[in-house]
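These are the residues of each chain, in order.
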Amino acid sequence: MKDLHDRVIIITGASGGIGEAAARAFARAGAHVALAARRAGALEAVAARVRALGREALAVPTDVTRRADVAALVARTREHFGRLDGVVANAGVYLRSPIRDLTPDLLERSLAVNFYGGVYLVLEALPHLLAQREGHIVLVTSMDGKKGLPPDAPYVAAKFALSGFGDVLRQELHGTGVGVSTVFPGRVDTPMIADLKVPRISAKIPPEAVAQAIVRAVQRNRAEVIVPFQARLLYWAQCFAPRLADWAVRAFRLQGWV
Ligand SMILES: NC(=O)c1ccc[n+]([C@@H]2O[C@H](COP(=O)([O-])OP(=O)(O)OC[C@H]3O[C@@H](n4cnc5c(N)ncnc54)[C@H](OP(=O)(O)O)[C@@H]3O)[C@@H](O)[C@H]2O)c1
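These lines cover the structure that appears in this document, whether it is placed above or below. As the structure is a computational prediction, the values presented were derived from the model and not from experiment.

In terms of helices and strands, the protein carries eight helices and seven strands. Computed over its C-alpha atoms, the radius of gyration of the protein comes to 18 Å, within 12% of the 18 Å expected for a compact globule of 258 residues. Summarising the internal contacts of the protein: among those between residues at least 6 apart in sequence, 68% fall at separations of at least 24.

This is the structure in structure tokens:
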């Protein structure tokens, strides 16, 4: 989808952070957006900012852990705009715990939002995108879906799961006209990690940089995008020698501190 003019894109986790920045970036590229998250007031405020850019925005309060909510989101978007061209599965929560203290409940909460939330969006949108033989799906995972950082096991497990799901999805949809991009951000300056201090080597980037990467991924049908560029060094170390990557995590305190 090189030309996003008058396209309709659903973005989850759009009440702030990367999702809000993505909504504005898609609007600047000419698209209309359906915005989903739980906080209705914050969503309406983002919708107003999108409309100020001259594009339409529909706010749909949604809990992505509930499949019925996600089904209603897709139905309302198609009803309101008369079409659906793409989805960005971006809603997420950062849940950390050393594995020795891990409770199944924490793991399930992470999987519910970070994995199943994305899966539900794909399952609900896919029949429509396949029927029109055109569209794009973006899964926002994390560098934690390429190299796990302690003590992030609940988050890492869910992000690896979503990344693997996206890898298969892209291959299964080859030749259907529906593209799939998986986006792996490093540290991003959003409320999600406001309390986390990070070393300069993995400095937080603005959410707008990730939003631009998401829009470009759709326009260029990119399979995978790692932002910022230097985050790839850790990924390459992990592919080449996992213990070297483990060492880099320890040496540079890449897990951050509070
Ligand atoms: N910040 C980073 O350093 C970083 C790095 C790599 C990847 N990411 C990923 O980027 C995505 C966006 O994160 P962010 O940094 O923009 O975080 P954020 O500012 O905390 O935003 C998270 C968004 O997800 C929504 N959300 C959470 N639970 C939800 C639920 N059950 N149903 C619907 N929406 C829900 C929140 O809205 P409500 O509270 O209104 O529901 C909010 O809009 C996430 O998938 C995150 O894992 C972030």
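With respect to spatial proximity, 31 residues lie near the ligand, and among them Gly-13, Gly-17, Arg-38, Gly-92 and Met-192 are the closest. Of the residues forming the shell around the ligand, the biggest block, three residues, is contributed by helix 1 (residues 17–28). Residues that form the shell around the ligand fall into these classes: 15 nonpolar, 12 polar and four charged.

Moving on to the sheet that holds strand 2 (residues 32–37). If you walk across this open sheet you meet the seven strands as 3-2-1-4-5-6-7, and the pairing is parallel. The two strands at the open ends of the sheet, each matched to only one other strand, are strand 3 (57–61) and strand 7 (224–227). Along the sheet, successive strands turn relative to each other by an average axial angle of 15°, direction set aside. Of the pairings in the sheet, the one linking strand 2 to strand 3 comprises five bridges and is parallel in character. Bridge pairing links Val-33 to Ala-57 in strand 3. Each of strand 1 (8–12), strand 2 and strand 3 touches helix 3 (residues 67–81); the most contacted strand, strand 1, lies at about 150° to it. Seen against the sheet, helix 6 (residues 207–220) touches strand 4 (86–89), strand 5 (135–140), strand 6 (178–185) and strand 7 and runs at an angle of roughly 160° to strand 6.

A few words now on the packing of helix 3 against helix 4 (residues 104–131). Running from N to C, helix 3 and helix 4 point in directions that differ by 35°, and their axes come no closer than 9 Å. Here the hand of the crossing between helix 3 and helix 4 comes out right-handed. For the pair formed by helix 3 and helix 4, the contact residues are Arg-67, Val-70, Ala-71, Val-74 and Arg-78 on the first element and Tyr-120, Leu-121, Glu-124, Ala-125 and His-128 on the second.

What follows is about the packing of helix 7 (residues 231–240) against helix 8 (residues 242–252). Put simply, helix 7 and helix 8 touch, their axes get as near as 5 Å, and they point 140° apart. Taken together, the axes of helix 7 and helix 8 are oblique relative to one another. The segment helix 7 lies against helix 8, with Leu-234, Ala-237, Gln-238 and Phe-240 engaging Pro-242, Leu-244, Ala-245 and Ala-248. Across the contact of helix 7 with helix 8, the residue classes break down as seven nonpolar, one polar and no charged.

Grouped together as the largest cluster of nonpolar side chains are 71 residues, with contacts concentrated most on Ala-23, Val-33, Leu-35 and Ile-214. Examining the composition of this core, we find that eight residues originate from one element, helix 4, more than from any other.

Taking 1.5 Å as the rise per residue, helix 6 with 14 residues should run 20 Å; its terminal C-alpha atoms sit 20 Å apart, in good agreement. What helix 6 keeps buried is the set Pro-207, Val-210, Ala-211, Ala-213, Ile-214, Ala-217 and Val-218. The buried residues of helix 6 all sit within an arc of 160° when viewed along its axis, so they share a single face. Tucked into the core, helix 6 has its buried residues touching helix 1, strand 4, strand 5, strand 6 and strand 7. Immediately downstream of helix 6, the backbone of Asn-221 shows phi near 50°, a positive value.

Once that is clear, we can look at the pairing of strand 6. Counting buried residues in strand 6 gives eight out of eight residues, a clear majority hidden from the surface. By the alternation rule, side chains of strand 6 split into Val-178, Val-180, Thr-182 and Phe-184 and Gly-179, Ser-181, Val-183 and Pro-185, which are all buried. Taken together, strand 5, helix 5 (residues 153–172) and strand 6 form a β-α-β motif whose crossover is right-handed. Across four bridges, strand 6 lies against strand 7 in parallel orientation. Across the sheet, the residue bridging to Thr-182 is Glu-224, located in strand 7. Remark: the strand 6/helix 6/strand 7 crossover connection has left-handed handedness.

What counts and how
- Residues numbered from 1 in each chain as written.
- Predicted model: local features only at pLDDT ≥ 70, side-chain atom pairs only at ≥ 80, totals over all residues.
- Helix = DSSP H or I, 4+ residues; strand = E, 2+ residues; numbered from the N terminus.
- Rg over C-alpha atoms; globule rule 2.2 N^0.38 Å.
- Contact = placed C-beta atoms within 7 Å.
- Near = placed C-beta within 6 Å.
- Nonpolar A, V, L, I, M, F, W, Y, C, P; charged D, E, K, R; others polar.
- Pairing = 2+ DSSP bridges.
- Axes fitted to C-alpha atoms, helices over the stretch in contact; angles between N-to-C directions.
- Left-handed = near helix turned anticlockwise from the far one by under 90°.
- Parallel < 35°, antiparallel > 145°, perpendicular 65-115°, else oblique.
- Core = buried A, V, L, I, M, F, W, Y, C linked by C-beta atoms within 7 Å.
- Buried ≥ 20, exposed ≤ 12 C-beta atoms within 10 Å, placed from the backbone.
- Expected span 1.5 Å × (residues − 1).
- Arc of directions from axis to C-beta.
- Right-handed = clockwise from strand over helix to strand, strands pointing away.

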